[in-house]
Amino acid sequence: TPLIFTGLAVALGFQAGLFNIGAPGQMVLGAIFAMLAGLYLPGPRFIVLPMAVIAAALGGAFWGAIPGWLKARFGANEVINTILMNYIASALLLFMLSSALTFSPSALRIIYFLAVLAILAIILNSIPAISKLMSKSARLSLAVFAVVALIGVFVFGSPRPNDASVVFDMPFKAPGSEPKSYEIQETAQLGQLADFLPASAATSGSEKILDVNYALILAIASFILALIILARRRLKLWQKLLASLVLAVIIYGLMALLGFTAIETIIPATNLNLAFIIAIVAAILVQYFLWHTKWGYELRAVGPSPKAAEYGGASIAKNTILAMTLSGMLAGLTATHYVLGGALEEFALRQSLPTGDGFDGIAVALLGANTPLGVVLSAFLFGILKNGGIALNVTYRSLTRDVVSMILALVVLFIAAKGFLPDSIVNPINRFKDLKDEDEPKTNLETK
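Everything quoted here is computed from the prediction, not taken from an experiment.

With that settled, the discussion passes to the packing of aromatic side chains. Inspection of every chain in the model, using the stated rule, returns six aromatic pairs. With a centroid separation of 6.0 Å and an interplanar angle of 50°, the aromatic rings of Phe62 and Trp63 are classed as tilted. Residue classification places Phe62 among the partly exposed residues on the basis of a relative accessible area of 43%. Between Phe95 and Phe103 the ring centres are 5.8 Å apart and the planes differ by 85°, which places this aromatic pair in the edge-to-face class. Relative accessible area serves as the criterion here: at 12%, Phe103 is assigned to the buried category. Over the face of the ring belonging to Phe74 we find Arg73, whose NZ or CZ atom lies 5.6 Å from the ring centre.

The structure is reproduced here in structure tokens:
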């Protein structure tokens with residue numbers, strides 16, 4: 001589930017010609033926002049739960065919009081900015097979940113000064129005359145602001161007599177030395193998918209025993225697959241639907257004769273929760289946004305050829321900010337799995353948040369050719385390999401989970417090799433077609 005989110009985040013950035021390597025930091029901000037919403041938002045479940053999901057998206061979007069704005073406004077490299085912001089996010093997470101935070105008075109004075117300076121900058125920017133003057137000389141304005149901040153930090157950060165350290169804990173920090181937050185409210189918790197399945201027999205521990213109608217599942221899958229195959233055929237819509245429906249009915253009948261309508265199946269304990277449904281919906285929305293909306297078209301046009309897109313009326317700055325914001329939003333939604341979905345063993349924010357999924361999302365996006373369907377499929381592959389590697393040490397003593405890392409590294413290597421290998425090796429099917437065309441006899445007109 002998180003690999004789908006991070007893969008979509010990186011893929012959307014690639015479509016706009018941007019390399020978003022800040023998914024780990026955006027994951028952290030999304031998790032922080034989701035935790036705060038899950039702890040403090042009042043109200044019933046149908047209000048708190050959607051708001052917590054939106055908060056996760058807003059946290060990631062905020063952290064992604066900052067390097068997007070810097071890129072659009074000053075031309076700053078998004079790779080460097082997102083990498084540096086990953087460190088800021090990890091330090092912020094460590095700070096928020098640490099116990100017995102100790103501050104020197106000089107540090108507190110610096111924080112108060114910077115907060116006042118930031119509020120002053122916002123007020124000045126809201127005045128049209130000053131805002132217009134600052135926009136004309138943006139670099140000079142930023143330099144003046146930085147110099148004032150440095151001087152203020154030096155002045156307010158100087159030690160003074162009778163300074164005493166201040167010790168306090170964050171209100172959301174759970175008691176004890178373990179770096180984690182309090183558990184979020186039940187109204188903000190995403191349920192496990194297995195909890196929505198009706199058990200046909202007594203459950204054993206955390207397992208469920210179900211009567212699964214595999215015939216119906218295969219019939220629905222065949223109906224969808226047939227529609228995809230017939231999508232490019234020159235048939236009317238009702239003909240495509242009828243042919244797909246007939247195929248589904250035939251498959252259902254055959255599977256029913258073989259007794260696949262009610263097979264007792266054991267569903268083991270799993271962390272699979274409703275965040276998986278959110279990830280699939282996000283992939284569908286990204287597909288629709290990129291290929292069926294004006295904004296998606298402009299975003300994809302800015303990626304390969306920004307000058308041509310600008311000549312056609314697209315705003316490079318606006319699309320840069322939009323792409324990084326949406327990319328960060330998708331990465332921030334990983335909090336629906338780890339925090340709201342309880343995948344970290346409990347429904348809380350922990351310092352052990354696996355931000356490495358943000359870097360794995362780069363390989364997932366590349367393997368999926370930066371398309372939503374490809375990202376979902378490659379996320380399944382990476383997820384199976386990474387989870388299977390956990391059992392290698394137990395099942396096969398002569399193997400370690402490093403084998404999985406080696407396989408994933410080879411996948412990335414072969415993807416990268418596509419850039420410099422000849423087309424005859426990368427696309428053998430096209431090579432076969434070319435050879436077949438050469439062997440076909442040409443007509444007299446083609447010869448002339």
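And the narrative resumes.
Okay, unusual backbone geometry next. Residues other than glycine seldom take positive phi values, yet Glu345 does so here, at roughly 75°. Turning to its location among the elements, Glu345 is positioned in the loop between helix H14 (335-338) and helix H15 (356-367). Residues other than glycine seldom take positive phi values, yet Asn370 does so here, at roughly 60°. Within the element layout of this structure, Asn370 appears in the loop between H15 and helix H16 (372-390).

Of all five residues making up strand E3 (residues 208-212), four are buried, and the element is well covered by its neighbours. The pairing of E3 with strand E4 (residues 263-267) spans five bridges and is classified as antiparallel. The residue of E4 that forms the bridge with Val212 is Ile263.

With that out of the way, let us pick up the pattern of salt bridges. This structure, assessed with the given rule, holds seven salt bridges. Here Glu178 and Arg350 are joined by a salt bridge, their closest N and O atoms 2.7 Å apart. With a gap of 172 residues between them, Glu178 in the loop between strand E2 (166-168) and E3 and Arg350 in the loop between H14 and H15 connect regions that are remote in the sequence. Judged by its relative accessible area of 35%, Glu178 falls in the partly exposed class.

This part takes up the layout of surface pockets. Of the volumes computed, that of the largest pocket is approximately 950 Å³. Lining the largest pocket are 25 residues, with Trp69, Ala121, Met134, Leu142 and Phe145 sitting closest to its centre. When residues of the lining of the largest pocket are traced back to their parent elements, those giving at least two are helix H3 (45-74), helix H5 (105-126), helix H6 (128-136) and helix H7 (138-156). Taken together, the residues of the lining of the largest pocket sort by class into 19 nonpolar, five polar and one charged. Approximately 780 Å³ is the volume found for the second largest pocket. In terms of lining, the second largest pocket is formed by 25 residues, of which the most central are Thr1, Leu3, Gly383, Lys386 and Asn387.

Rules used in this analysis
- Residues numbered from 1 in each chain as written.
- Predicted model: local features only at pLDDT ≥ 70, side-chain atom pairs only at ≥ 80, totals over all residues.
- Heavy atoms only, no water.
- Phe/Tyr/Trp six-rings, centres within 6.5 Å; stacked < 30°, edge-to-face > 60°.
- Buried < 20%, exposed > 50% of the residue type's maximum accessible area, 1.4 Å probe, protein only.
- Lys NZ or Arg CZ within 6 Å of the ring centre and 35° of its normal.
- Helix = DSSP H or I, 4+ residues; strand = E, 2+ residues; numbered from the N terminus.
- Pairing = 2+ DSSP bridges.
- Salt bridge = Lys/Arg side-chain N within 4 Å of Asp/Glu carboxyl O.
- 1 Å grid on protein atoms, 1.4 Å probe; cavity = no way out; pocket = protein on both sides within 12 Å on 5 of 7 lines; lining within 4 Å.
- Points joined across faces, edges and corners; volume = space filled by probe spheres on them.
- Nonpolar A, V, L, I, M, F, W, Y, C, P; charged D, E, K, R; others polar.

None of the figures reported here should be taken as evidence of function without further support.
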